[in-house]
Amino acid sequence: MGPFSQAVIARGFVFTTGQIPLIAGTDDRPADYEGKVRQVLTNLRTVLEGAGSSLDHVVNATVYISDQNHDEEYRRIYAEVFGSRAPALTSICVGIWDFSFEIQCIAVMKEGGSS
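About the cut-offs
Residues numbered from 1 in each chain as written. Predicted model: local features only at pLDDT ≥ 70, side-chain atom pairs only at ≥ 80, totals over all residues. Heavy atoms only, no water. Patch = residues over 30% accessible without salt bridge, like charges linked within 9 Å, V, L, I, M, F, W, Y side chains within 5 Å. Areas by Shrake-Rupley, 256 points an atom, 1.4 Å probe, with all protein chains shown as cover. Salt bridge = Lys/Arg side-chain N within 4 Å of Asp/Glu carboxyl O. Helix = DSSP H or I, 4+ residues; strand = E, 2+ residues; numbered from the N terminus. Buried < 20%, exposed > 50% of the residue type's maximum accessible area, 1.4 Å probe, protein only. Contact = heavy atoms within 4.5 Å. Polar contact = N/O pair within 3.5 Å; in protein donor to acceptor, adjacent residues only side chain to side chain.

## Observations concerning a nonpolar patch on the surface
Point 1. Side chains of V8, F13, F15 and V59 sit close together on the surface and give an oily, nonpolar patch of about 300 Å² of accessible area.
Point 2. Within the secondary structure, V8 is located in strand β1 (residues 7-10).
Point 3. Given the relative accessible area of 42%, V8 is considered partly exposed.

## Re the environment of S54
Point 1. With respect to the helices, strands and loops of the structure, S54 is situated in the loop between α1 (33-50) and β3 (58-65).
Point 2. Note: C-alpha distance between S54 and V37 (17 residues apart in sequence) is 17 Å.
Point 3. Not counting chain neighbours up to four residues away, the residues in contact with S54 comprise L48, A107 and K110.
Point 4. A polar atom in the side chain of S54 sits 3.2 Å from the backbone nitrogen of D56.
Point 5. A polar contact is formed between the side chain of S54 and the side chain of H57, at a distance of 2.8 Å.

If you want it as structure tokens, here you go:
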């Protein structure tokens, strides 16, 4: 999609680029906000697993939302996905291109993963 990596592995950590709600291999995105949040988390899961980590290994996340009125909805889905293992989180309400939700994270490698 551009001159950047989806994930970079350094010293046992995985640093992801901001994930957006595009459906893999297409320019399509879900129509509803919940679908967008779930698609972003699916994309994040795919990138992390491809790098040798997982959502269970996320230690820090930064979320960008374009409308603070969606804060409660995104937090509900986020809590559903991360549960009691929730990582440190920073949420920022800002204009972000033409997407309403984006997330980037830092995760540790799965045990036995390379760095």
